[in-house]
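Structure assessment
Each chain is listed here by its residues.
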Amino acid sequence: GKPTAQKEVLKALVQHGAKIRDLLIKQLDSDDNEIKLAAVIAEGRIGDKHAVPALLNILTEDDDNLLVHAVKSLTNIGDSSTYQALLKLLGHDKLAVRQSAVAALSSLNHSDMKDKIIELLQDDNPLIRESAAKIAGYIGYPDSFEILLANCNDSDEQVRKSTIESLSCFEEQRVFLALTTALE
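Only a predicted model underlies this, so the values are computations on that prediction, with no experimental measurement involved.

A few words now on the state of the cysteines. According to the stated counting rule, one finds 0 disulfides in the structure shown. Here Cys152 stays unpaired: no disulfide links it, and the sulfur of Cys169, its closest cysteine neighbor, is 13 Å away.

Listed below in structure tokens is the structure:
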């Protein structure tokens, strides 16, 4: 948990990886946030799927920095069982947490995600619509195009912004018209 030693400790932990799996996973439940953060980062670098349940537990905590690092570690591990938990973060009130969840879900590209993103583009929560637009644009779901076009006129400015940015990923004639209308 000492920041001055953290870099070297993390390096050693990553080198020993699976040999210290159980010890490292126990540290994910530590009361000391510095120790917990170091363990989260190490688990992400090691990429051990055995840590997924403990990392998922961290997603319910209030420490945004810890949350962001836990999501990054889950992204590095790439386990599809994290899909549902990551979806719940798309409406988080902190931008950094939402961005981490968007990146993780885009990287994961779960087989159920296309239909879920289309549903989330129409959610009542503008934070969720904004996040869904970023994923739809990054992955380029063709079935989401019509909803994205409609969201160019969303009542929330951030939803409009993320939607317009996402349209550039589609090769469709109407993108140019939507972008020109947005500029006007």
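The residue Asn109 is not glycine, and still its phi comes out positive at about 45°. Locating Asn109 in the fold gives a position in the loop between helix H7 (95-108) and helix H8 (113-120).

The next point concerns the packing of helix H3 (residues 33-46) against helix H5 (residues 64-77). Their axes nearest at 8 Å, the elements H3 and H5 cross at an angle of 20°. Between H3 and H5, the crossing angle belongs to the class labelled roughly parallel. Once H3 is placed against H5, the crossing between them reads as left-handed. Along the contact surface, H3 presents Asn33, Lys36, Leu37, Val40, Ile41, Glu43 and Gly44, while H5 presents Asn65, Leu66, His69, Ala70, Ser73, Asn76 and Ile77. Taken together, the residues of the contact of H3 with H5 break down into 6 nonpolar, 6 polar and 2 charged.

Where like charges cluster on the molecular surface, the negative patch consists of Asp29, Asp31, Asp32 and Glu34. With respect to the helices and strands, Asp31 occurs in the loop between helix H2 (21-27) and H3.

Summarising the element assignment, Val159 is placed in helix H11 (residues 157-167). Accessibility expressed as a relative area gives 0% for Val159, which makes it buried. Separated by 122 residues in sequence, Val159 and Leu37 place their C-alpha atoms 32 Å apart. Setting aside residues up to four positions removed in sequence, Val159 forms contacts with Pro126, Arg129, Glu130, Asn151 and Asp154.

This part covers the pattern of salt bridges. Pairs can form between side chains of opposite charge whenever their charged atoms are close. Per the stated rule, a full pass over the model turns up 9 salt bridges. When salt bridges that share partners are traced, they join Arg98, Glu130 and Lys134 into one network.

Tallied over the entire structure, the rule returns 1 aromatic pair. Arranged with centres 5.3 Å apart and planes meeting at 55°, the rings of Phe145 and Phe170 form a pair that is tilted. Taken together, the residues Phe145 in helix H10 (residues 145-151) and Phe170 in the loop between H11 and helix H12 (173-183) connect sequence positions 25 residues apart.

The rules behind these values
- Starting from 1, residues in each chain are numbered consecutively following that chain's sequence as written.
- Whole-chain, interface and lining totals are the exception, using all residues; otherwise, since this is a predicted model, local features are given only for residues with pLDDT of at least 70 and side-chain atom pairs are given and counted only at 80 or more.
- Side-chain measures were taken over the full set of non-hydrogen atoms in the model, leaving aside hydrogen atoms and water.
- The criterion for a disulfide is a pair of cysteine sulfur atoms lying within 2.5 Å.
- Secondary structure follows DSSP: runs of H or I at least 4 residues long count as helices, runs of E at least 2 residues long count as strands, and numbering of each begins at the N terminus.
- Axis lines are fitted to C-alpha atoms, over the contacting stretch for helices. Their N-to-C directions set the angle, which ranges from 0 to 180 degrees.
- Note that the term roughly parallel is reserved for angles under 35 degrees, roughly antiparallel for angles over 145, roughly perpendicular for angles of 65 to 115, and oblique for everything else.
- The sense of a crossing depends on the near helix, which, turned anticlockwise from the far helix by less than a right angle, makes the crossing left-handed and, turned clockwise, makes it right-handed.
- Here a residue-residue contact requires only that any non-hydrogen atoms of the pair lie within 4.5 Å.
- Just so you know the grouping, Ala, Val, Leu, Ile, Met, Phe, Trp, Tyr, Cys and Pro go in nonpolar, Asp, Glu, Lys and Arg go in charged, and all remaining residues, Gly too, go in polar.
- Patch definition: residues above 30% relative accessible area lacking any salt bridge, with like charges linked at up to 9 Å and the nonpolar side chains Val, Leu, Ile, Met, Phe, Trp and Tyr linked at up to 5 Å.
- Methods summary: accessible areas were calculated by the Shrake-Rupley approach with a probe of 1.4 Å, and residue burial reflects only the protein chains presented.
- Salt bridge, as applied in this entry: a Lys or Arg side-chain nitrogen positioned within 4 Å of an Asp or Glu carboxyl oxygen.
- For the purpose of charge, His is not counted, nor are the chain termini; Lys and Arg are scored as positive and Asp and Glu as negative.
- Where a charge lies is defined by one atom per residue type: Lys uses NZ, Arg uses CZ, Asp uses CG and Glu uses CD.
- Each residue is placed in one exposure class: buried if its accessible area under a 1.4 Å probe, protein chains only, is under 20% of its type's maximum, exposed if it is over 50%, and partly exposed if it falls in between.
- Any two rings among Phe, Tyr and Trp, with Trp reduced to its six-membered ring, count as a pair given centres within 6.5 Å; such a pair is stacked if its planes are under 30 degrees apart, edge-to-face if over 60, and tilted if neither.

All quantities given are derived from atomic positions and should not be read as evidence of function.
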